[in-house]
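Each chain, written out:
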Amino acid sequence: MNLSKTLVLLMLVGAVFSTYAGSPLKGLSGKSDSDKKSFIKKEVEHSPSHIANAQQNIHMSMNNPKNDQALYKEVKKIAVLGMSVAVGFADGVADREEQGLAGIPYGDYDILANGILESIYKGIESEGYQVVKLEDVMKTPSYASVNYGEWDGKLGNFGKNCWVTTPLKSKWIEPDAINNISSAGSLMTRGDVRKKNALERNAPLQKLVQEAGADAGVVLTCRILIYKGEYQLGFGGDRRSFVIDMIPAKGESRIVWSAYFKNFVELDFKSTKTDTKTGAWKKSWGYDLNAAIPDLKDVLFEAASISAYKLKHDQSE
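Residues numbered from 1 in each chain as written. Predicted model: local features only at pLDDT ≥ 70, side-chain atom pairs only at ≥ 80, totals over all residues. Heavy atoms only, no water.

Visitor: What is the right way to read the overall build of the chain from this model?
Guide: In terms of helices and strands, the chain carries nine helices and 15 strands. The burial tally for the chain puts 52% of its 317 residues in the buried class. In the chain, of all internal contacts separated by at least 6 residues, the share reaching a separation of at least 24 is 75%. Element-wise, carbon and sulfur atoms account for 52% of the exposed surface of the chain, whose accessible area totals about 14400 Å². (Helix = DSSP H or I, 4+ residues; strand = E, 2+ residues; numbered from the N terminus. Buried < 20%, exposed > 50% of the residue type's maximum accessible area, 1.4 Å probe, protein only. Contact = heavy atoms within 4.5 Å. Areas by Shrake-Rupley, 256 points an atom, 1.4 Å probe, with all protein chains shown as cover.)

Visitor: Please clarify how helix 8 (residues 191-212) should be interpreted in this entry.
Guide: Residues that lie three or four places apart on an α-helix share one face, since the helix turns once every 3.6 residues. The end-to-end C-alpha distance of helix 8 is 32 Å, a good match for the 32 Å that 22 residues give at a rise of 1.5 Å each. The sharpest bend along helix 8 reaches about 40 degrees and sits at Ala-203, with the proline Pro-204 one to four residues further on. All of the buried residues in helix 8 are Arg-194, Ala-198, Asn-202, Leu-205, Gln-206, Leu-208, Val-209 and Ala-212. Positive backbone phi, approximately 75 degrees, marks Gly-213, located one or two places after helix 8. (Expected span 1.5 Å × (residues − 1). Bend = angle between axes of the 7 residues up to and from the residue.)

Visitor: Got a minute to help me understand the environment of Asp-91 in this structure?
Guide: Examined against the element boundaries, Asp-91 turns out to sit in the loop between strand 4 (77-89) and strand 5 (100-101). Take Asp-91: its relative accessible area is 12%, and that puts it in the buried class.

Visitor: It is not clear to me how the confidence of the model for the chain should be interpreted in this structure. Could you clarify?
Guide: Close inspection of predicted coordinates is inappropriate for parts of the model with low pLDDT. Looking at the chain, pLDDT values average 79 and 74% of them are 70 or higher. Note on residues 1-41: pLDDT is under 50 here. Beyond four places in sequence and across chains, it has 68 contacts. (pLDDT = per-residue confidence, 0-100.)

Visitor: It is not clear to me how helix 3 (residues 48-56) should be interpreted in this structure. Could you clarify?
Guide: Within the sequence span of helix 3, burial applies to Ser-49, His-50, Ala-52, Asn-53, Ala-54 and Gln-56. The inward-facing, buried residues of helix 3 contact strand 2 (60-61), strand 3 (64-65), helix 7 (175-179), helix 8, strand 11 (242-248) and strand 12 (257-261). In the stretch just after helix 3, Ile-58 is the one whose phi turns positive, near 60 degrees.

Visitor: Looking at this structure, I do not really get the nonpolar core. What am I missing?
Guide: Where a protein is soluble and globular, its nonpolar side chains tend to be buried together. Core analysis: the largest hydrophobic core is formed by 61 residues, its most contacted members being Phe-89 and Met-246. If you tally residues by element for this core, the top one is helix 9 (residues 289-316), at 11 residues. In this view, Met-246 contacts Tyr-72, Val-75, Ile-78, Ala-216, Gly-217, Val-218, Arg-254, Ile-255, Val-256, Trp-257 and Leu-311; residues no more than four positions away in its chain are not counted. The next biggest cluster of nonpolar side chains, apart from the first, holds 18 residues, and it includes Val-137, Ala-214, Val-219 and Ile-255. (Core = buried A, V, L, I, M, F, W, Y, C linked by side-chain atoms within 4.5 Å.)

Visitor: Hey, could you run me through the packing of helix 5 (residues 106-125) against helix 9 in this one?
Guide: For any two helices packed against each other, the geometry is given by the interaxial angle and the distance between the axes. Axis separation between helix 5 and helix 9 bottoms out at 8 Å; the angle between their running directions is 30 degrees. As the angle between them shows, helix 5 and helix 9 are arranged roughly parallel. Considering how the two elements wind past one another, helix 5 and helix 9 form a crossing that is right-handed. Residue-level contacts link Asp-108, Tyr-109, Ile-111, Leu-112, Gly-115, Ile-116, Ser-119, Ile-120, Lys-122, Gly-123 and Ile-124 of helix 5 to Leu-289, Asn-290, Ile-293, Leu-296, Lys-297, Leu-300, Phe-301, Ala-304, Ser-305 and Ala-308 of helix 9. (Axes fitted to C-alpha atoms, helices over the stretch in contact; angles between N-to-C directions. Parallel < 35°, antiparallel > 145°, perpendicular 65-115°, else oblique. Left-handed = near helix turned anticlockwise from the far one by under 90°.)

Visitor: Looking at this model, I keep getting lost on the environment of Ser-84. Mind explaining?
Guide: With respect to the helices and strands, Ser-84 occurs in strand 4. A C-alpha to C-alpha distance of 8.8 Å links Ser-84 and Val-219, two positions 135 residues apart in sequence. Beyond its immediate stretch of four places on either side in the chain, Ser-84 contacts Val-164, Thr-165, Thr-166, Trp-172, Glu-174, Leu-220, Thr-221 and Cys-222.

Visitor: Whenever I open this one, empty space enclosed by the protein confuses me. Can you help?
Guide: Where empty space is left in the structure can be found by rolling a water-sized probe over the atoms. All chains considered together, the criterion is met by two cavities of 30 Å³ or more. In terms of lining residues, the largest cavity is bounded by Ile-78, Ile-124, Val-218, Ile-244, Met-246, Trp-257, Ala-304, Ser-307, Ala-308 and Leu-311. Residue assignment for the lining of the largest cavity shows that the elements contributing at least two residues are strand 11 and helix 9. Element by element, the count of residues in the lining of the largest cavity is highest for helix 9, at four residues. When its volume is computed, the second largest cavity comes out at roughly 30 Å³. Along the walls of the second largest cavity sit Ile-178, Asn-179, Leu-205, Val-219, Asp-245, Ile-247 and Ile-255, which together make up its complete lining. (1 Å grid on protein atoms, 1.4 Å probe; cavity = no way out; pocket = protein on both sides within 12 Å on 5 of 7 lines; lining within 4 Å. Points joined across faces, edges and corners; volume = space filled by probe spheres on them.)

Visitor: I'm lost on unusual backbone geometry in this one. Help?
Guide: It is generally the case that most residues other than glycine have a negative phi and that most peptide bonds are trans. Unlike most non-glycine residues, Met-62 shows phi in positive territory, near 55 degrees. Mapped onto the elements, Met-62 comes out in the loop between strand 2 and strand 3. A relative accessible area of 75% means that Met-62 is categorised as exposed. Not every positive phi belongs to a glycine, and Asn-63 is a case in point at roughly 65 degrees.

Visitor: Just to check I follow, could you spell out the packing of aromatic side chains for this structure?
Guide: Two numbers describe a pair of aromatic rings. These are the distance of the centres and the angle of the planes. In this structure the tally under the stated criterion is four aromatic pairs. Aromatic pair Tyr-106 and Tyr-109: ring centres 6.4 Å apart, planes at 35 degrees, arrangement tilted. Of this pair, Tyr-106 and Tyr-109 both sit in helix 5, separated by three residues, roughly a single helical turn. Taken individually, Tyr-106 and Tyr-109 each receive the classification buried, so the pair is uniform in this respect. When the centroid spacing of 6.3 Å and the interplanar angle of 45 degrees are considered together, the rings of Tyr-109 and Trp-163 count as tilted. Here the residue Tyr-109 occupies a position in helix 5, and Trp-163 occupies one in strand 8 (residues 162-165), the gap between them amounting to 54 residues. When sorted by exposure, Tyr-109 lands in the same class as Trp-163, which is buried. Cluster of aromatic residues (ring-pair linked, three or more members): Tyr-106, Tyr-109 and Trp-163. Positioned above the aromatic ring of Tyr-143, the side-chain terminus of Lys-171 is 5.9 Å from the ring centre. (Phe/Tyr/Trp six-rings, centres within 6.5 Å; stacked < 30°, edge-to-face > 60°. Lys NZ or Arg CZ within 6 Å of the ring centre and 35° of its normal.)

In structure tokens form, the structure reads like this:
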């Protein structure tokens with residue numbers, strides 16, 4: 001590793017540790033003399049939707065996605081095709097009301113999603129990549145016809161104690177919704193048919209990339225959990241917190257690079273919470289999401305920066 005790369009690594013690790021104030025990303029190495037893989041590989045892995053897509057497209061080797069380096073090696077300009085932000089509640093009663101969920105107005109979720117999107121732009125750009133912003137992708141001719149369903153409060157992995165929104169009132173384009181394990185057919189479906197179905201399902205995204213003038217496009221999601229009055233990044237069965245899946249502008253319309261943070265990230269930040277007993281067995285909770293937005297934006301900036309750094313590393317291998 002040359003001196004400049006070592007300095008970049010030191011700066012990134014230092015930024016991560018300073019941001020999390022004693023609660024760094026679990027598994028990240030603080031050793032300045034170690035290879036950059038030591039912190040990237042432990043915490044950032046292939047996303048489950050990437051693995052499912054590789055299985056559908058018959059691009060697996062020894063139960064791992066094949067290296068698609070030829071399709072992403074020259075990627076310098078990245079279009080953000082869509083993003084979802086999910087906030088889940090693991091304590092109290094997070095019933096939906098007409099104005100919001102768990103004491104948070106729905107408009108505050110939109111503010112959070114918009115702020116996180118801006119942080120992700122900056123995080124990707126911090127590693128030298130150009131970004132075609134979602135607001136510009138939304139202006140492309142094909143965007144209006146893209147349809148992967150809508151969030152209705154009942155989709156897949158998201159439970160009743162959860163609210164999901166998209167920034168800028170954009171379309172529902174979410175990795176699991178696009179590349180879930182059954183989207184290309186059942187496991188009994190012939191391999192060539194599954195591959196055909198999977199490529200057709202990804203084709204609208206590739207068209208958006210081409211119309212946006214980018215080398216590749218990414219679909220993003222981040223998940224935030226409130227537990228015991230504290231915000232954490234990540235929830236779900238495998239504790240996913242921040243996911244990037246990439247679609248190339250050329251070649252097969254399949255995912256060619258991806259990353260996700262697999263662990264909870266404790267933000268060392270407590271929400272403002274009120275607790276009012278409304279019955280013998282029920283409590284009503286209220287949270288001040290706006291107070292947490294700056295912290296959450298900082299964390300997503302770091303996650304995007306490290307993911308972009310991983311992409312740069314993978315391109316150079």
